[in-house]
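# Coordinates in review
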Amino acid sequence: MDMLRHFLMNYKIINDIPNASLKTLHRPIKADKRREVSIAIVDDQPFEAARNLTTYGYKIQELGDLKSISEVASFPIVLCDLMDVGAHFDKNAHGASIIKEIRKNYPATYVLAYSGSSGSDPIVRRASVYADGFIRKDAELEEWTETLDEYISNASDVREVWQRIRSALVEERVDTKDLLKLEDAFVRAYLVGDGELKDMSNISKNMKIGSSARSIVEGLIASTLFKLITGV
C-alpha cells in the first residue's frame, strides 16, 4: 500500500489543475473568441448556414465529403451531414460511418450530426449512437449558435477533454498504470503551456498499447485541440 501511495503521489491527475488555471471559454461566447475554434463541415453540398454563422464570428471550413478521416484531425468540432456522404467509408451508413470513425480515432472531437430528416429517421438514429448531438438542417439560427457555443465551451475545457480521451483509452483496455502516466503528462503539459504535448508523445512511444489506443493518443497530439485549451 505504501508503494502504491508513493507511486500515486508522484503523478499528477486532472483534478490537480487549479480552478484559477482553467482557460475554458464559458458561455456566452463573444464573436472574437468564436474565431479561435475551427469548425469543419462535412457535406457534399454547400452548407446553407455557413454565411450566417460566419457573420456571428464562427470559423467555418467546408471540407465536402471526406476521403480520409485524417482530414478532420485538426478540428475540435465537426458538423456532419447524414445523407450522401461517407462513400469512402460505408455508403450504406452515409454520414453515420464518418461520425463513427471520428469517434474511434478522435474521441475528444465534438461531432454534431445534422440532416433535413427528423430524429426518428433510421440514419439519424444510427448516427446518434456516435454523435454528440443532432440538429435539423433548417433549425433556427439561435439553435445553431446555442449548440455551437456549448460545444466550443466543452472543447476548450481541459478536464472534459481528458475525460473523453481517458474513457476511450479505457475502452481499449489500456493498463491503469499507463493511463496514469499519460494523464500525468497531459496535466503537466497543460500547466506549462506545452501545446505540442512533447512528453506525452515520448511516453506513449515506449508503451505497449494496442494500435487503436496509440491512434487515439497520436490523434490528440496531432490535433490543434490541445493548443486551443492551453492558449485560449
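Summarised in this report is the structure supplied together with it. (Residues numbered from 1 in each chain as written. Predicted model: local features only at pLDDT ≥ 70, side-chain atom pairs only at ≥ 80, totals over all residues. Heavy atoms only, no water.)

### Side note on the packing of aromatic side chains
Selection rule: Two rings belonging to Phe, Tyr or Trp (six-membered ring only in the last case) form a pair when the distance between their centres is within 6.5 Å. Interplanar angles under 30 degrees mark stacking, angles over 60 mark edge-to-face geometry, and anything in between is tilted. Under the scheme used here, helices are H or I runs from DSSP no shorter than 4 residues and strands are E runs no shorter than 2 residues, and both carry numbers assigned from the N terminus. Partly exposed describes any residue whose relative accessible area lies between the buried limit of under 20% and the exposed limit of over 50%, with all areas from a 1.4 Å probe on protein chains only and scaled to the type maximum.
In the structure shown here, the tally under the stated rule is five aromatic pairs. Pairing phenylalanine 47 with tyrosine 114 gives two aromatic rings, centres 5.3 Å apart and planes at 55°, and the pair type is tilted. With a gap of 67 residues between them, phenylalanine 47 in the loop between strand E1 (38-42) and helix H3 (50-55) and tyrosine 114 in strand E4 (residues 110-115) connect regions that are remote in the sequence. Each of the two residues, phenylalanine 47 as well as tyrosine 114, counts as buried. Their ring planes at 70° and their centres at 5.9 Å tell us that tyrosine 114 and tryptophan 144 sit as a pair that is edge-to-face. Of the two residues, tyrosine 114 is situated in strand E4 and tryptophan 144 in helix H6 (residues 141-155); the sequence distance between them amounts to 30 residues.

### A closer look at the pairing of E1
To keep it simple, the criterion reads: Any two strands are treated as partners once DSSP identifies two or more bridges connecting them. A clockwise course of the path from the first strand over the helix to the second, judged with the strands pointing away from the viewer, identifies a crossover as right-handed.
Counting buried positions along E1 gives five out of five residues, so the element sits mostly inside the fold. Covered by surrounding structure in E1 are Ser38, Ala40 and Val42 together with Ile39 and Ile41, the residues of both alternating faces. The pairing of E1 with strand E2 (residues 59-62) spans four bridges and is classified as parallel. Paired with alanine 40 across the two strands is glutamine 61, which belongs to E2. Note that the unit made of E1, H3 and E2 has a crossover that is right-handed. In this sheet, strand E3 (residues 77-81) lies alongside E1 in parallel orientation, the contact comprising four bridges. Bridging from a neighbouring strand, isoleucine 39 pairs with isoleucine 77 of E3.

### Structural notes on the layout of surface pockets
In plain terms, the rule: Buried and open spaces are told apart on a 1 Å grid over the protein atoms alone, a cavity being a set of points where a 1.4 Å probe fits but cannot get out and a pocket being an open set with protein on both sides within 12 Å along at least five of seven lines. Residues with an atom within 4 Å of a point are the lining residues. Grid points are joined across faces, edges and corners, and a volume is the space filled by probe spheres set on the points. Residues were grouped as follows: Ala, Val, Leu, Ile, Met, Phe, Trp, Tyr, Cys and Pro as nonpolar; Asp, Glu, Lys and Arg as charged; and all remaining residues, including Gly, as polar.
Its volume calculated, the largest pocket comes out at about 270 Å³. Around the largest pocket sit Lys100, Arg103, Lys104, Pro107, Tyr130, Arg164, Ser167, Ala168, Glu171, Glu172 and Ile216, which together line it. Classifying every residue of the lining of the largest pocket gives four nonpolar, one polar and six charged.

### Focus: the sheet that holds E3
Here is the rule we go by: Lines fitted to C-alpha atoms define the axes, with helix axes restricted to the stretch in contact, and inter-axis angles between N-to-C directions lie between 0 and 180 degrees. Whether two residues are in contact is decided by their heavy atoms, any of which lying within 4.5 Å being enough.
One open sheet accounts for five strands, arranged E2-E1-E3-E4-E5; its pairing is parallel. Both edges of this open sheet fall to E2 and strand E5 (133-136), since each of them pairs with a single strand only. Between one strand axis and the next, the sheet turns by 25° as a mean value, whatever way the strands run. Along the sheet face, helix H4 (residues 95-105) touches E1, E3 and E4 and points at about 160° away from the line of E3.

### Section: the nonpolar core
To keep things clear, this is the line we draw: To form a nonpolar core, buried Ala, Val, Leu, Ile, Met, Phe, Trp, Tyr and Cys residues must be joined to one another through side-chain atoms within 4.5 Å.
Ranked by internal contacts, the top residues of the largest apolar core, which has 52 residues, are Phe47, Leu79, Trp144, Leu169, Phe186 and Met200. Tallying contributions element by element places helix H8 (residues 176-192) first for this core, with seven residues. With sequence-adjacent residues up to four places away left out, phenylalanine 186 is seen in contact with Ile14, Val158, Val161, Trp162, Leu197, Met200, Leu220, Phe226 and Ile229. If you look at the next biggest cluster of nonpolar residues, it comprises 23 residues, including Val42, Ile102, Tyr106 and Val111.

### Things to note about unusual backbone geometry
Between arginine 27 and proline 28 the backbone carries a cis peptide bond, its omega angle lying at 0°. Within the element layout of this structure, proline 28 appears in the loop between helix H1 (2-9) and helix H2 (31-34). Backbone geometry at aspartate 84 places phi at a positive 60°, although glycine is not the residue there. Considering the arrangement of structural elements, one finds aspartate 84 in the loop between E3 and H4. Even without a glycine there, the phi angle at leucine 197 is positive, about 55°. Here leucine 197 lies in the loop between H8 and helix H9 (198-205). Take leucine 197: its relative accessible area is 0%, and that puts it in the buried class.

### Structural notes on the packing of helix H7 (residues 158-171) against H8
To keep things clear, this is the line we draw: Put simply, angles under 35 degrees are roughly parallel, angles over 145 are roughly antiparallel, angles from 65 to 115 are roughly perpendicular, and the rest are oblique. The hand of a helix crossing depends on one turn: near helix anticlockwise from the far one by less than a right angle means left-handed, and clockwise means right-handed.
Two elements in contact, H7 and H8, have axes whose closest approach is 11 Å; the angle formed by their N-to-C orientations is 160°. The pairing of H7 with H8 is recorded here as roughly antiparallel in orientation. Crossing geometry of H7 relative to H8 is assigned as right-handed. Along its contact with H7, which presents Val158, Val161, Trp162, Arg166, Leu169 and Val170, the element H8 presents Leu179, Leu182, Glu183, Phe186 and Tyr190. Residues of the contact of H7 with H8, tallied by class, amount to nine nonpolar, no polar and two charged.

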